[in-house]
Structure formats: structure tokens, C-alpha cells
Amino acid sequence: IDKEENTLMNYKNSKWRNEMAIKIDYNNMMADFIGEEQGFTKKDFDDNKKVIANAFKTVMENRGTGMMGWTELPYNQKEIVDDIIATAKDIKKKFDNFVVLGIGGSALGPIAVFQALCHLRHNELPKSKRKFPKLYVEDNVDPERMAALLSVLDLDKTVFNVVTKSGATSETMAQYLIIMDILKAKYGDKAKDHMIATTSAHKGNLIKIAQEEGLKTFYIPDGVGGRFSELCPVGLLPAAVVGIDIKAMLAGAAYMDKICKNKDFKKNPALISAVLEYIAMGRGKNISVMMPYADSLKYIADWYCQLWGESLGKSVDNEGNLVYVGQTPVKSLGVTDQHSQVQLYREGPFDKVITIIAVENYRATVDISNGCENIPDVNFLCGHTMNELITAERKATEYALTTANRLNYTITLPEVNAFTIGELLYMFEMETAFTGAMLNIDTFNQPGVEGGKNATYALFGKKGYEKTKEEMDNSPKKNPDYIC
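Note that the coordinates shown come from a computational prediction; the quantities given were computed from them, not determined experimentally.

Trainee: Help me get a handle on the environment of lysine 129, residues and values and all.
Mentor: Note that lysine 129 resides in helix 8 (residues 127-130). Since its relative accessible area comes to 61%, lysine 129 is described here as exposed. Remark: the alpha-carbon pair of lysine 129 and isoleucine 279, spanning 150 residues in sequence, is separated by 49 Å.

Here you go:
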């Protein structure tokens, strides 16, 4: 980690930035490698030239406007970043625990970046080695989970960050109500010292509450939706609190953004990956598997699942035609899921695209010890490293999928650091935007999510949802014959 911190000082160096560039190898999507029945050809790209060009134009013309405000986050947050860093330093001095109260994009991004860039046992380290507060992200309303959290926290040493743009997210606000009640009972007027709000500056409930309670507040820009919010205060504050270089993250995003402005899809990693997924969807490949070969990137797959599923799963296109498009995102982890899911991926239906994330240089090297000299099936491992083993396992999976004619491609990070994670997050966001434009849908709304929210409001008797409650009460009663 110390070596990584020293390296991060190089993100302003152009040679170092270029060495940290993410690469995409899509050989195993092509007919040359997986056969003509499943693989793509130059003709597939040529046939979609107009769709690709129009999608690129749409995204470029709309960047920075509407719900594409996230495209400007690498550039327009200097004062905000300075405030976040100063706040994080103050939190480090006063507190041992930082707890995020949120759900969806407000939680998945912070979890993914924390796992990627901090010590993999960060919360378990003694304070002398950890140096920064522990991070907890409470992204559910399971009562046992909340009770368990409260049983391990020293409230005197804990600050909470409630994150919701609208302040109407039931799960997050339920958490807020519980925690603020506890804090007020214990600290009275000083309860505000243990709570930070991240919300909209102009509308919603939480900004009103924050002002009434006198909470330190960070703002989510109007043009930034939850699943695109990791590079604004939603994700930057938790990252800074645990010692992550958020300036390097934003620099990585800016570096990727520059590359993504290239209209030649063969030189634009976000655009080529969008093209590959778009053509695959057109062939009925309705499942997208994200499989990183690094525990540090495990939760990047979780974050990607929301980004991809919520953005692209739409019933209508921009003209209101019923289209029912999208891919089901699936999270997987190499090497772990080679012993489970890969059986399906290699021999099951031809309905998937497997995206593998590779790491060239891991941040630690572990030698495999000598032993078991009389057992060749074990001894062959000796003299090698775990680094060699996980790399060999990844290459073996690529080979196994390819020889079974399964679509797969590999995204390679030179190493996992704040700069490359900024690159990766931004690349996936741009890939999603390009793909949505190719599908001619609204990439940035989520009407399907609202249906479940409204039903919850109705069941809790929220004013204005009486009709929904009536509809639910009048829905067909369950048939006991269908209950086993």
C-alpha cells in the first residue's frame, strides 16, 4: 500500500498515465477465434456503422446536460474536493467509524471503491496500522443488520453520512430516523456533530432536514443520478475518509474521458465494448457476466450490475414503442466461480457475454511454499507464486470459454490504484451511455424501480398513494392450492 501511495503521486505525469491505460482485448468475440456461428466479423461492425456513429454523436452532444451531468465531474469539483479532503481530515482526528446510510448507487459505489483501494481487511486492522476510520455501508433495512451494527459501534467515535438525493428514499430515511433518534437521546444538541448529509442542494426532504438540524452537507449535482454518482460527494467523501486519493480517481476518470471522445470505436474502449454488447444483444445474448480476477474488484461487479441493469432494462424506446430491451447483469469472481458458475457459462445456453477483468500487477506477491515432495499433484505448485496461479487460472478460463465458442472479452488494468479505478468506473459509465443510445432508450430513468417504491409507500399508508393501496387490496387473492 505504501508503494501504491508513492506511485499515485505520478498521476500528473503523462508517461505514467499512459502506462496505466486500461486495455480491452476482444479477440475472443471474433469469428476467427470462436467460430462463425457465434463470433463477430468485420461485416457486423460495418452493418452497424450508422448506429455506432449516431450513438456517439448523441452522447457527445448531450454530455453535461440533463442527466448527463456526471460527464463533467472529473473537471468541475475543485472547491468541493478541497472541502471533502478537509472534512475527511477532521473526521480522522475525531472519529474511528464512518457509516454510510444509503441504498443503490449511494452504497454500491462506496463499497466497490473501498474494497478496491483499501487494505482488504481494513476494518480488522488495529488502529495503528489502519490509520483511517473504519467504513461501514448500510445498504439494506434488515432489522438484524441494523441491530448488529449498533452493537459494534462506539457512538462517541462514530459519524454517520446519510445519502439520498430526494430525501424520500424510504430505506435510507428509515435508517436516518433510527440513528438520529439515538444520537439525540445521547448527545442532545450535539447530535449534529455525528451526522453529515449528502443530498440535493435545491429540492427534496433531506436538504430541509439538514438545514433544520444544522448538519454539515454535501450536494449531489442535479444532473447526476444515483448509479452515476460515485465520482461526486456520494462516493468521494467515504473514499477520502478511508485515505483514498480522490484527486487521482478523478484524474483517472478525466484521462478515460479524453479517450472516450475518439469517434473511432477501435480506439475508444467504452465505445468498442458498447458495440460488442449491442451486437450480442441483437443475437439474443441477454446475459452480461462481469468476472474480475481480483478480490479487490469483487464489488465493482456489484456496482456494474446496478449501472447496467437499471440503465438498459427498458420496456419502451424514445418514441414510446414497446421494445423490452436490456441484458441481465450477473456478478462472478475469478477464481472462486470457476468452481461453480463457469460450468454453466461453458456448457449451458449460448445466451451470455462474459467480461473478464484482469490485473497485470497485483499489489502483493505471495510465494507458494515448498512441500509434499512425494505427491506430484501438489508439488507442481511449488516454486511458483499465487500471482502466477491466479493469472494462469484466468487464462485457462478464457481458453476454456473460447474453445467452447463462448463470447468473452478481457479488460486489463495495469494495476489497481485510484487512477485506474477512476478510469474503470468512468469507462463503464460511458459504455452504458453509448449502449443506451444504440438501443434508442432513455438510459437515465428508472420507471421500473418506481413501481416497487410506490407499492411500498401504499402499504405504509403514505399520503397520495391511496389508489395504489386500493389496487393492491383488490388484486387477486392467492390460491392456497398453489402454496406447497
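Trainee: I'd like a rundown of the nonpolar core, residues and numbers included.
Mentor: Membership of the largest hydrophobic core comes to 108 residues, with the highest contact counts inside it found for Trp70, Leu297, Phe428 and Phe434. The biggest single contributor to this core is helix 19 (residues 418-439), with 13 residues. Setting aside residues no more than four positions away along its own chain, phenylalanine 428 makes contact with Met290, Ile300, Trp303, Tyr304, Leu307, Ile357 and Ile411. Counting residues in each nonpolar core, the second largest holds 21 residues, with Tyr136, Leu149, Leu155 and Leu183 among its members.

Trainee: How would you sum up a positive patch on the surface? Please name residues and give values.
Mentor: Residues Lys12, Lys89, Lys93 and Lys247 make up a contiguous surface patch of positive charge. Relative to the assigned elements, lysine 93 resides in helix 6 (residues 78-94).

Trainee: Tell me what's going on with the sheet that holds strand 6 (residues 216-219), and back it up with residues and numbers.
Mentor: In spatial order, the strands read 3-2-4-5-6; together these five strands make up an open sheet with parallel pairing. Edge strands, defined here as strands with exactly one partner in the open sheet, are strand 3 (134-138) and strand 6. Sheet twist, expressed as the mean angle between neighbouring strand axes with direction ignored, is 20°. For strand 2 (residues 97-101) and strand 3, the ladder comprises five bridges, and the chain directions are parallel. Its bridge partner being in strand 3, valine 100 is matched across the sheet by valine 137. Across the sheet, helix 6 touches strand 2, strand 4 (158-163), strand 5 (195-199) and strand 6, and the angle it forms with strand 6 is around 145°.

Here is what the cut-offs are and how they apply
Residues numbered from 1 in each chain as written. Predicted model: local features only at pLDDT ≥ 70, side-chain atom pairs only at ≥ 80, totals over all residues. Heavy atoms only, no water. Helix = DSSP H or I, 4+ residues; strand = E, 2+ residues; numbered from the N terminus. Buried < 20%, exposed > 50% of the residue type's maximum accessible area, 1.4 Å probe, protein only. Core = buried A, V, L, I, M, F, W, Y, C linked by side-chain atoms within 4.5 Å. Contact = heavy atoms within 4.5 Å. Patch = residues over 30% accessible without salt bridge, like charges linked within 9 Å, V, L, I, M, F, W, Y side chains within 5 Å. Areas by Shrake-Rupley, 256 points an atom, 1.4 Å probe, with all protein chains shown as cover. Salt bridge = Lys/Arg side-chain N within 4 Å of Asp/Glu carboxyl O. Lys, Arg positive; Asp, Glu negative; His and termini not counted. Charge placed at Lys NZ, Arg CZ, Asp CG, Glu CD. Pairing = 2+ DSSP bridges. Axes fitted to C-alpha atoms, helices over the stretch in contact; angles between N-to-C directions.

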